[in-house]
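Results of the structural survey
So you can see what is in the structure, the chains are spelled out below.
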Amino acid sequence: MRIDQWLWVTRFFKSRSQATAACRAGRVRLNGSLAKASAQVSVGDKITWRDAVRNREAEVVLLIPRRVNPTEAAKAYVDFSDPLPTKEEKGSLPIRDRGSGRPEKKQRRDLDQLRGFQK
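Residue numbering note: each chain is counted from 1, following its sequence as written. Selection of residues for local features in this predicted model requires a pLDDT of at least 70, selection of side-chain atom pairs for listing and counting requires 80 or more, and totals for whole chains, interfaces and linings are taken over all residues. Side-chain calculation: all heavy atoms of the structure are included, whereas hydrogens and water are not.

Let's shift gears to the overall build of the protein. Elements are defined by DSSP. Helices are runs of H or I of four residues or more, strands are runs of E of two residues or more, and each kind is numbered from the N terminus. Tallying secondary structure elements over the protein gives 5 helices and 5 strands in all. The linear arrangement of helices and strands in the protein, starting from the amino end, is α-α-β-β-β-β-α-β-α-α. Structurally, the protein occupies a C-alpha span of about 45 × 30 × 25 Å along its principal axes. Burial here depends on accessible area, computed with a 1.4 Å probe over protein chains only, as a share of the maximum for the residue type. Under 20% is buried, over 50% is exposed, and the range in between is partly exposed. Across the 119 residues that make up the protein, the buried fraction comes to 29%. Between two residues, a contact is recorded if the distance between any of their heavy atoms is within 4.5 Å. Residue pairs in contact within the protein that sit at least 24 positions apart in sequence constitute 42% of those at least 6 positions apart. Only carbon and sulfur atoms are counted for the fraction: they give 49% of the accessible area of the protein, which is about 8400 Å². Surface accessibility follows the Shrake-Rupley procedure with a 1.4 Å probe radius. Residue values consider only the protein chains on display as shielding.

To continue, consider the environment of Asn31. With respect to the secondary-structure elements, Asn31 resides in the loop between β1 (28-30) and β2 (33-34). In this structure Asn31 comes out as partly exposed when scored by relative accessible area, which is 48%. With 15 residues separating them in the primary sequence, Asn31 and Lys46 have C-alpha atoms 5.0 Å apart. Among residues more than four places away in sequence, those in contact with Asn31 are Asp45 and Lys46.

The strands that make up a sheet pair up through hydrogen bonds in the backbone, lying either parallel or antiparallel. Strand order in the open sheet formed by 5 strands is β2-β1-β3-β4-β5, with antiparallel pairing between adjacent strands. A strand with exactly one partner marks an edge of an open sheet, and here the two such strands are β2 and β5 (77-79). Looking at chain direction, β1 and β2 are connected through 2 bridges and run antiparallel. Bridge assignment links Leu30 to a residue of β2, and that residue is Ser33. At least two DSSP bridges between two strands are required for those strands to pair.

Our focus in this paragraph is the pairing of strand β4 (residues 55-60). Burial of β4 is one-sided: the residues Arg56, Ala58 and Val60 facing one way are buried, the residues Asn55, Glu57 and Glu59 facing the other way are not. In this structure, β4 lies alongside β5, joined through 3 bridges in antiparallel fashion. The residue of β5 that forms the bridge with Ala58 is Asp79.

On to unusual backbone geometry. The phi torsion of most residues other than glycine is negative, and most of the peptide bonds are trans. Here the phi dihedral of Arg11 falls at roughly 70°; this positive angle occurs in a residue that is not glycine. Here Arg11 shows up in the loop between α1 (3-9) and α2 (16-24). Its identity as a non-glycine residue notwithstanding, Asn31 has a phi of 55°, on the positive side.

Written as structure tokens, this is what we have:
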């Protein structure tokens, strides 16, 4: 089964095209290495990706051939992701001033480090 299809079937992404775009952008890793959208997934593989809010990590337990309801989809993986940030943690994240322009490379790295994103 393709990795983008598995991410869509297990309802981590709302559409398969979003899962494919995440793979093309280099945000999805399969067993520690960058994964193309066409990478094959098998039982026991570890998939990690960066979400808008947090880093996600899941282990493949079951390959489902088609999209099913969320309770059945949850049986297809074991989620090792960090918990969602609380309101206090969200409020403590730095926010750039509007109109200050696009952040430079060093500023982006600093912001990602403060937000908890890692390579």
